[in-house]
Amino acid sequence: MTTRDLNSEAEIPRVVPSPRPLRLSAIIPNYNHGAVIGEAIRALAAQVPAPDEIVVVDDASRDDSLSVLAELAAEFPTLRVIALPANGGAIAALNRGLLESRGTYVYFGAADDVTCPGLFAAMFGILAAHPQAAFACCEGAVQDLDTGATSLRPPVRPAYSACFLSPAAVAERFRRIDNWILTGTAVVRRDMMTQNGGFDGTFGAFADAYAMRRLALLHGCCFAPHLGMVWRINSQGLSRQQAGDPVVSLATLETALAHMRADPAFPAWYPAVFARRWRFGVGRIAVASEPMNAAILMQVSARGVVGRTVLRIATTIGGRAGRLLALGWLTLRERPTSLTGLMKTFVSRRRAHRMIG
């Protein structure tokens, strides 16, 4: 294995061919996460099976990331660092990692998230039985670093036992809920991801979600009710910043809708359903903000005279009452998911927790 000079801005040297094919490449984009990336890398290296290579694409960090990564590379021989000379954003870094990776499968992680033990074993186990699937994914725990709150994702499981979902089954699940594919838990067939063109940077923080949904609709995927990662979010993260900017949020929505309408991989009914859920999703984040993000609620989430009136009243009231009013209206208006599915998922998780306990 070859690790480049971390202080050099020269092109990456040619990698010496591995004596055997690599099974799994874990790819992590990094920008100024020197304080936490060690935890992410150690969690990946501790997986059984562990990645054959961990490719970190440093996006011209300005903190001590490169020195931290140099120390980690000495500790973990499978770590390969690509230091970019200029900042190009997380999506470009992911695409660079995909290009440089050598595994049959790829995993796309984040520098501030942590994988849970057993993730890769569970994903490879189900993929081995379903070679037609583009990827296998599972569940994650969301940790809000601003509030300390934790929750499980997805809110509604697409299945209650490990299974393969055909393209038709994926479309059927998307009618009920579509945010059950968590990229940070997914082991993906590299050839299918590259054939898909990797990640489209015009989507911003939604690029990975769009690519994974398209792959699932084209090839099918596997899902297992297994806890695979801890997803750490905060108000300074890319997805939250995009969701909190009405101009960026609306532009991303329009870009996604235009692509979906022109792409036969997506059912004709899906763009309208997606738009409803997008308005609910960014609205929910706006409601949780302190204070509530009135600009997002009024410019992105409000629809019709009644909707604008209700959300204007909610932001005026503020506090717990205002939040409950806004969230209740958004849920009633946009119908983001199946209430039956929410209850079934809640009961299933409680039952599993009691069995483990």
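Residues numbered from 1 in each chain as written. Predicted model: local features only at pLDDT ≥ 70, side-chain atom pairs only at ≥ 80, totals over all residues. Heavy atoms only, no water.

S.K.: Talk me through empty space enclosed by the protein; I want residue IDs and the actual numbers.
M.R.: Under the counting rule described, the total for this entry stands at two cavities of 30 Å³ or more. Taken as a whole, the largest cavity encloses approximately 60 Å³ of empty space. Every residue along the wall of the largest cavity is listed here: Ile28, Ala40, Leu44, Tyr107, Gly109, Ala110, Asp113, Val114 and Thr115. Those elements giving two or more residues to the lining of the largest cavity turn out to be α1 (37-45) and β5 (114-115). (1 Å grid on protein atoms, 1.4 Å probe; cavity = no way out; pocket = protein on both sides within 12 Å on 5 of 7 lines; lining within 4 Å. Points joined across faces, edges and corners; volume = space filled by probe spheres on them. Helix = DSSP H or I, 4+ residues; strand = E, 2+ residues; numbered from the N terminus.)

S.K.: An account of the packing of aromatic side chains is requested, with residue identities and associated values reported.
M.R.: Scanning the entire structure with this criterion turns up 16 aromatic pairs. Plain terms: the ring middles of Tyr107 and Phe120 are 5.3 Å apart, the flat faces sit at 70° to each other, and that makes the pair edge-to-face. Of the two residues, Tyr107 is situated in strand β4 (residues 103-108) and Phe120 in helix α4 (residues 119-129); the sequence distance between them amounts to 13 residues. The class for Phe120 is buried, based on a relative accessible area of 0%. (Phe/Tyr/Trp six-rings, centres within 6.5 Å; stacked < 30°, edge-to-face > 60°. Buried < 20%, exposed > 50% of the residue type's maximum accessible area, 1.4 Å probe, protein only.)

S.K.: Give a detailed account of unusual backbone geometry, specifying residues and quantitative values.
M.R.: Cis geometry marks the peptide bond from Arg153 to Pro154, where omega comes out at 5°. Residue Pro291 is reached from Glu290 by a cis peptide bond, and omega for that bond is 0°. Within the secondary structure, Pro291 is located in the loop between α10 (270-288) and α11 (294-301). Backbone geometry at Asn32 places phi at a positive 60°, although glycine is not the residue there. In this fold, Asn32 is placed in the loop between β1 (22-30) and α1. Residues other than glycine seldom take positive phi values, yet Arg335 does so here, at roughly 45°.

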